[in-house]
Amino acid sequence: DYLLCNFRKCRRPVKEYAWATSCSHVFCDEHGTREFAKQLICPACGSDVSQPDHLIRTSLHLDERQKCLMLAGYSPADLVKVGNQAYAFWFHQKQEERKYHAAVAATIKDRFTGVRAQYEHMAKSLKSEIEAL
């Protein structure tokens, strides 16, 4: 299961490298690299991410040993805190994906309703023309 790039026109799964922000957004390497080279502003929400601890580029292909080594030496309390924050980030992303898909579904439903109304009007008009013949 992958997170999706939060760049508005992308929405592709983030698989290799991720750009993560302190404002809880994630970007694919292509869009993160391009956008953050221009300015240190989150492309999703406009937050300033210029502080060193507000933006990170990370590999998503660390093996279990590398992950363990990165966390070696931290206290159990710190590990739980970091785990909770990581889970909260993941959960937030999944909630945002659901909101995005709900908005897309609502847009499609609205378009369908409009097309259906046009079709029904056209069918009614054609029926009237046929009856007039």
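See above for the structure.
Caption draft 1: A look at the side chain of Lys94. With respect to the helices and strands, Lys94 occurs in helix H3 (residues 76-132). Residues within four places of Lys94 in sequence aside, it is in contact with Asp1, Tyr2 and Leu3.

Caption draft 2: The arrangement of the packing of aromatic side chains in detail. Under the defined criterion, the tally for this structure stands at three aromatic pairs. Residues Phe27 and Phe36 carry aromatic rings whose centres are separated by 5.7 Å and whose planes lie at 80° to one another, so their mutual orientation is edge-to-face. Accessibility classification places Phe27 together with Phe36 in one group, the buried group. Between Tyr87 and Phe91, the aromatic rings sit 6.0 Å apart at their centres with planes inclined by 25°, giving stacked as the arrangement.

Caption draft 3: Local environment of the nonpolar core. In terms of nonpolar packing, the biggest core is built from 16 residues, with Cys5, Phe27 and Phe36 touching the most fellow members. Put simply, the parts of the chain that give this core at least two residues each are strand E1 (17-21) and strand E2 (26-28). Apart from the residues lying within four places of it in its own chain, the contact partners of Phe36 are Trp19, Thr21, Phe27, His31, Ile41, Cys42, Pro43, Val49 and Leu55.

Definitions and limits used
Residues numbered from 1 in each chain as written. Predicted model: local features only at pLDDT ≥ 70, side-chain atom pairs only at ≥ 80, totals over all residues. Heavy atoms only, no water. Helix = DSSP H or I, 4+ residues; strand = E, 2+ residues; numbered from the N terminus. Contact = heavy atoms within 4.5 Å. Phe/Tyr/Trp six-rings, centres within 6.5 Å; stacked < 30°, edge-to-face > 60°. Buried < 20%, exposed > 50% of the residue type's maximum accessible area, 1.4 Å probe, protein only. Core = buried A, V, L, I, M, F, W, Y, C linked by side-chain atoms within 4.5 Å.

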